[in-house]
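# Results of the structural survey
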Amino acid sequence: MCRQFLPKSVFITGASSGLGKALAFEYAQKGMTLHLCGRNQERLLQVAGICTEKGATVYTYLFDTNDEKASNKAVLQADKTKPLDLVIANAGVSGGVLGTPETDESIRQIMKTNIFGVLNTVLPALKCMQKRHKGQVALMASLAGFRGMASCPAYSASKNAVRAMGEALYGQQKPKGITITTICPGFIETPLTDKNQFFMPFLMKPEKAAKIIKTRLQKAPAVIAFPWIMAFGARLGSMLPGWIARPIFASLPKKEK
């Protein structure tokens, strides 16, 4: 029987909206300590209030994950308050949430937030956990990161980088007692997808996605990819030869204003 990982102190970035908000609500219960991070104070406090009503002890941290010093300070402060069992590096952006297709400016912003913003959370968390030789870190990637997609080059590339980093860290950190899990969801109904004007197959409510993630994280796998049909398609697409895959992915709909 697989041993379940049951955290009591959870750190979540991007917790003021979307999937991060749904994850905060999913973990909120009596005996749980939540460290919720976001950039919008009003929304973050609203989420914290509901989590408190559910019985959790909640601490909030207002900062941008692109700020390395602020991220490091928040992680260290949270770990000092209540040693972190689980860190979910969830904060991220796409062209849609920035309000434009991928322009030169938004491409740089996407890459900065989705890669360095994640690292700014993960690296200090690993230092804390390595001292105790235990803990779990989850990196939020995407099924869009299995192959370079012409419809969203920067988003696809950034999530590919996160996926590769997560899978590499899994092997590196496991001997140290730390589990790394890379999460690769499909389309989720969040601010990241609200501006998409095209059909999104298997579009999922954030509450359902959060429940799936929490349940699977308890088994501490290397990768969580869902829904399974899209995950199968993404993995298949990553194995196709370029001359077949390029025309397929180039024809996918692009984000609109």
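Scroll up for the structure.
The following paragraphs examine the structure supplied in this document. (Residues numbered from 1 in each chain as written. Predicted model: local features only at pLDDT ≥ 70, side-chain atom pairs only at ≥ 80, totals over all residues. Heavy atoms only, no water.)

### Here's the deal with the side chain of S142
Where we set the bar: We count a stretch as a helix when DSSP gives it H or I for four or more residues in a row; a strand needs E for two or more, and each element gets its number in order from the N terminus. Burial classes follow relative accessibility: with a 1.4 Å probe on protein chains only, a residue under 20% of its type's maximum area counts as buried, one over 50% as exposed, and anything between as partly exposed. The contact criterion used is simple: two residues touch if any of their non-hydrogen atoms lie within 4.5 Å.
Note on placement: S142 falls in the loop between strand 5 (135–140) and helix 5 (153–173). Given a relative accessible area of 7%, S142 falls into the buried group. Setting aside residues no more than four positions away along its own chain, S142 makes contact with Y155, K159, I183, C184 and P185.

### Examining the nonpolar core
Rules: Put simply, buried Ala, Val, Leu, Ile, Met, Phe, Trp, Tyr and Cys residues joined by side-chain atoms within 4.5 Å make one nonpolar core.
If you look at the biggest cluster of nonpolar residues, it comprises 32 residues, and the most contacted ones within it are L23, Y27, L34, L36 and I88. Of all the secondary structure elements, the ones that give two or more residues to this core are strand 1 (9–12), helix 1 (18–27), strand 2 (33–38), helix 2 (41–53), strand 4 (86–89), strand 5, helix 6 (206–217) and strand 7 (223–226). Not counting residues within four places of it along the chain, the set of residues in contact with L34 comprises V10, A24, Y27, A28, C51, A56, T57, V58 and Y59.

### Notes on the environment of Q29
Among the structural elements, Q29 can be located in the loop between helix 1 and strand 2. The sequence separation of Q29 and A56 amounts to 27 residues, and the corresponding C-alpha distance is 4.9 Å. Once you skip the residues sitting within four places of it in the chain, Q29 turns out to touch K54, G55, A56 and K214.

### Some points on the pairing of strand 6 (residues 178–185)
For clarity, the threshold we go by: Two strands qualify as a pair provided that DSSP identifies no fewer than 2 bridges between them.
For strand 6, the tally of buried residues reaches seven of eight residues, placing the bulk of the element in the interior. Judged from the six bridges that link them, strand 5 and strand 6 form a sheet pairing that is parallel. In the strand pairing of strand 6, Q136 is matched with T179.

### Concerning helix 6
Put simply, the rule reads: Every helix has an expected span of 1.5 Å times one less than the residues it contains.
Its twelve residues give helix 6 an end-to-end C-alpha distance of 16 Å, which sits within 8% of 16 Å, the value for a rise of 1.5 Å per residue. All of the buried residues along helix 6 are P206, A209, A210, I212, I213, K214 and L217. Each element contacted by the buried residues of helix 6 is listed here: helix 1, strand 4, strand 5, strand 6 and strand 7.

Geometric descriptors of this kind do not, in isolation, establish any biological role.
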